[in-house]
Amino acid sequence: MPNFKKERTYVMVKPDGVKKGLIGEILHRFEQRDLKIVALEMFHATKEQIDNHYPKDEAWIRRLGQKTLGTYEKYGLDAVKELGTNDDLELGKFVRGWLVEYMTSAPLVRMVVEGVHAVDMVRKICGATLPYLADMGTIRGDYSNDSPVIANMEKRSVMNIMHASETPVEAQHEIEHWFGGREEVIFDYKRYGEE
Ligand code: TYD
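None of these values were measured; they are calculated from a predicted model. (Residues numbered from 1 in each chain as written. Predicted model: local features only at pLDDT ≥ 70, side-chain atom pairs only at ≥ 80, totals over all residues. Heavy atoms only, no water.)

1. Notes on the site of the ligand
Applicable threshold: Put simply, a residue is near a molecule or strand once any heavy atom of it comes within 4 Å of that molecule or strand. In protein, a polar contact means a hydrogen-donor-capable atom and an acceptor-capable atom, both N or O and within 3.5 Å, with residues adjacent in sequence counting only if both atoms are side-chain atoms; elsewhere, any N or O pair within 3.5 Å suffices. Each accessible area is a Shrake-Rupley result for a 1.4 Å probe, and residues are judged covered by the shown protein chains and nothing else. As a working rule, the residues Ala, Val, Leu, Ile, Met, Phe, Trp, Tyr, Cys and Pro are called nonpolar, Asp, Glu, Lys and Arg charged, and the rest polar, with Gly in that last group.
Around the ligand there are 16 residues in total, and Lys14, Lys67, Thr68, Thr129 and Val158 lie nearest to it. At 3.0 Å, a side-chain N or O of threonine 68 approaches an oxygen atom of the ligand. Contact with the protein chains hides 94% of the accessible area of the ligand, taken as 530 Å² for the molecule alone. The class makeup of the residues in the shell around the ligand is six nonpolar, five polar and five charged.

Below, the structure is given as structure tokens:
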């Protein structure tokens, strides 16, 4: 049985999070909810690393494109007029490409966060992916306001401060991708009060 007290998730502070000076605030919000930072590092990602971070399968890319189309529909915008296509795969590829540009535009901070239901807890603390929909009290809700309508018109990805794994399986893959072969930088220690 997995040790639910020691579930691990992968978090990355994105360029806008770093440039807004939010690294400390993000760490603070995890630590105040009894989550433990067990690995922490600033680095500059290569395009290849980011390209390998985001899924490459057609279904994921189409889903990204469908989300964009959904937003355009919601606000009565014409994707063909604005972006030259309403094909979900094409749109997904655009967004994926913009993500690679954005994620390599400044240093990032990568970390492994551990604790009870760390994956869900961290996603809850981060808030919804799209900042304009994120609840107040979440990191994105408190510190950002961006939308895919504006971002896509400006031919860039949504700036949403951070990335956090969506499921324990995704977390495992992402920890392996970003820390694989360097287990010595992931630490095991007890916080005060921990048995
Ligand atoms: P998604 O998989 O929906 O978010 P999450 O990683 O929270 O599960 O989207 C992946 C990334 O794509 C996310 O960082 C936001 C970005 N994105 C855009 O930049 N533009 C868009 O139109 C959409 C839908 C997502």
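2. Overview of the nonpolar core
Rules: Throughout this description, the term nonpolar core refers to a set of buried Ala, Val, Leu, Ile, Met, Phe, Trp, Tyr and Cys residues connected via side-chain atoms within 4.5 Å. Burial classification: accessible surface area is computed with a 1.4 Å probe over protein chains only, and a residue below 20% of its type maximum counts as buried, one above 50% as exposed, and the rest as partly exposed. The way it works is that DSSP assigns letters per residue, a run of H or I at least four long becomes a helix, a run of E at least two long becomes a strand, and they are numbered from the N terminus. Whether two residues are in contact is decided by their heavy atoms: any pair within 4.5 Å suffices.
Counting 28 residues, the largest nonpolar core has Ile50, Trp178 and Phe179 as its most contacted members. Elements with a minimum of two residues in this core: β1 (7–13), β2 (36–43), α4 (58–74), α5 (79–83), α6 (88–103), β3 (108–115) and α10 (168–179). Excluding its chain neighbours within four sequence positions, the residues that come into contact with phenylalanine 179 are Tyr10, Ala39, Glu41, Arg110, Met111, Val112, Val185 and Ile186. Grouped together as the second largest cluster of nonpolar side chains are 21 residues, Val18, Leu22, Phe30 and Val109 included.

3. Regarding the packing of aromatic side chains
Short version of the rule: Within 6.5 Å between ring centres, the rings of Phe, Tyr and Trp (the latter by its six-membered ring) count as paired, and their orientation is classed by plane angle as stacked under 30 degrees, edge-to-face over 60, tilted in between. Only when the NZ of Lys or the CZ of Arg is both within 6 Å of the ring centre and within 35 degrees of the ring normal is a charge said to sit over the ring.
All told, the structure shown has six aromatic pairs when counted by the stated rule. Between tyrosine 75 and tyrosine 132 the ring centres are 6.5 Å apart and the planes differ by 55°, which places this aromatic pair in the tilted class. In this pair, tyrosine 75 sits in the loop between α4 and α5 while tyrosine 132 sits in the loop between α7 (118–126) and α8 (139–143), placing the two residues 57 residues apart along the sequence. The exposure class assigned to tyrosine 75 is partly exposed, which follows from its relative accessible area of 40%. One aromatic cluster is present, built from ring pairs that chain together Tyr10, Phe43, Trp178 and Phe179. One Lys or Arg, lysine 36, reaches over the ring of tyrosine 189 and ends 5.1 Å from the middle of that ring.

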